[in-house]
Amino acid sequence: MLELLTGSGLAAAAGMNAYIPLLAIGVANRFLPGLMQLPAGWQWLSNEWVLGIVAVLLVVEIVADKIPAVDTVNDVLQTIVRPTAGGLVFGSSSTASTLAVTDPAEFFASNQWVPIVVGAVIALAVHGTKMAVRPIANVATGGTAAPVISTFEDVGAVGMTVLAIVMPVLVVVGIVVLVAIAIAIVRRGRRGSGVPLQEPPAPSTA
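Computed from a predicted structure; not experimentally measured.

**Regarding the overall build of the chain**
No. 1: For the chain, the count of helices and strands is seven helices and two strands.
No. 2: Counting across all 206 residues of the chain, residues that qualify as buried make up 41%.
No. 3: Contacts in the chain between residues far apart in sequence, at least 24 positions, make up 74% of those at least 6 positions apart.
No. 4: Carbon together with sulfur atoms contributes 73% to the accessible area of the chain, which is approximately 10500 Å² in total.

**Regarding the nonpolar core**
No. 1: If you look at the biggest cluster of nonpolar residues, it comprises 26 residues, and the most contacted ones within it are Leu10, Leu22, Ile25, Met36, Leu45, Val89 and Met160.
No. 2: Among the secondary structure elements, those contributing two or more residues to this core are α1 (2–16), α2 (19–31), α3 (48–64), α4 (70–93), α6 (146–166) and α7 (171–193).
No. 3: For Met160, the contacting residues outside a window of four places in its chain are Gly9, Ala12, Ala13, Val171, Gly174, Ile175 and Leu178.

**Notes on α3**
No. 1: Taking 1.5 Å of rise per residue, 17 residues should cover 24 Å, and α3 covers 24 Å from first to last C-alpha, within 8% of that figure.
No. 2: Elements in contact with the buried residues of α3: α1, α2 and α4.
No. 3: By the N-cap criterion, in which a side-chain oxygen at the helix start approaches the backbone nitrogen of a residue two or three places on, α3 is capped by Asn47, the distance to Trp49 being 2.7 Å.

**Some points on the environment of Val177**
No. 1: Positionally, Val177 belongs in helix α7.
No. 2: The exposure class assigned to Val177 is partly exposed, which follows from its relative accessible area of 43%.
No. 3: Taking the C-alpha atoms as reference points, Val177 and Gly156, separated by 21 residues in sequence, lie 9.8 Å from one another.

**As for a nonpolar patch on the surface**
No. 1: Taken together, Val158, Val162, Val166, Met167, Val169, Leu170, Val173 and Val177 make up a surface patch of nonpolar side chains, about 620 Å² in accessible area.
No. 2: The element that contributes the greatest number of residues to the nonpolar patch is α6, accounting for three residues.
No. 3: Examined against the element boundaries, Leu170 turns out to sit in the loop between α6 and α7.

**Considerations on the confidence of the model for the chain**
No. 1: Looking at the chain as a whole, its pLDDT mean stands at 83, while 82% of the residues score no less than 70.
No. 2: The secondary structure element of the chain with the lowest average pLDDT is strand β2 (residues 97–98), at 66, and the one with the highest is α3, at 96.
No. 3: Across residues 195–199, where pLDDT falls below 50, the model places four contacts with residues more than four positions away in sequence or in other chains.

Analysis parameters
Sequence positions are assigned chain by chain, starting from 1 and proceeding in written order. A pLDDT threshold of at least 70 governs which residues receive local features in this predicted model, and a stricter bar of 80 or more applies before side-chain atom pairs are shown or counted, although totals over entire chains, interfaces and linings include all residues. Heavy atoms from the whole structure form the basis of all side-chain values; hydrogens and water molecules are not counted. Comment: elements are numbered from the N terminus, with helices defined as DSSP H or I runs of at least four residues and strands as E runs of at least two. Each residue is assigned to one of three classes by its accessible area relative to the maximum for its type, calculated with a 1.4 Å probe on protein chains only: buried under 20%, partly exposed between the two thresholds, exposed over 50%. Here, residues are in contact when the closest pair of their heavy atoms is within 4.5 Å. Surface accessibility in these figures is a Shrake-Rupley result with a 1.4 Å probe; residues are shielded only by whichever protein chains are displayed. To define a nonpolar core, start from buried Ala, Val, Leu, Ile, Met, Phe, Trp, Tyr and Cys residues and group those joined through side-chain atoms within 4.5 Å. In this scheme, a helix's expected span is set at 1.5 Å multiplied by one less than its residue total. Under this definition, polar contacts are N or O atom pairs within 3.5 Å; protein pairs additionally need one hydrogen-donor-capable and one acceptor-capable atom, and for neighbouring residues in sequence, both atoms have to be side-chain atoms. Like charges are joined within 9 Å and nonpolar side chains (Val, Leu, Ile, Met, Phe, Trp, Tyr) within 5 Å, but only among residues with over 30% relative accessible area and no salt bridge; these make up the patches. By convention in these notes, a salt bridge is any Lys or Arg side-chain nitrogen within 4 Å of a carboxyl oxygen on Asp or Glu. The pLDDT score gives, residue by residue, the confidence of the prediction method on a 0 to 100 scale.

This is the structure:
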C-alpha cells in the first residue's frame, strides 16, 4: 500500500509540474541513497545528463507557467509531457526503497506496464484539472493570478513529492487539500467573472 501511495503522490505532483518529481527522485537516488534507492532498471533517471536536462526544462517550465496566455499554451504542450512524467515516476518509485518503504518486494512485478499506465492516468487527471482552473482564474483576474497560482502549484508539487517519498500515508490528505483549493479557485473565479454558479429563478409574471 505504501508503494502505491508513493507512486500516486509523485504522479499527482507530475500533473502539476512534470519536472519537479523527476528531478527529485533522480537527485535523491544519486546523492541521497538513504532517502531513496531506485531499482536497477530506473537508475538512468539519476544520470548526470538526465538531471541536467530535467533541471533546464524545470526552469523553462517555472518561467513560462507564470506568464498569462503563455501558461495556457504551455499547458497544451504539457498534455503529453506531464502524463509521461507521471508514468515514469510511478513506475520507478513503486518498486523503489525509501524511508517509508524499505522492502518494496515485487509490487506490480508481473505486469511492469501497469504502474506506468496508472501514473500516467493520475498525472493526466491532475493536469486536466489544472488546465480547467487556470483560464477561469486568468479571466476573473485579468491574468494577474497566473504567477500566484503557478507558484502555488510549484509549491504543491514540491510538497506532494516530499510527502510521497518521506511520509506517503499523508499523500491522500495532500490530494484532498489540492482538490478543495482547486474547487475554491473555480468558484471564486466564476463569481469574479460574473458567471453564475446556478441558474437564477425565473421572474414572477404575477
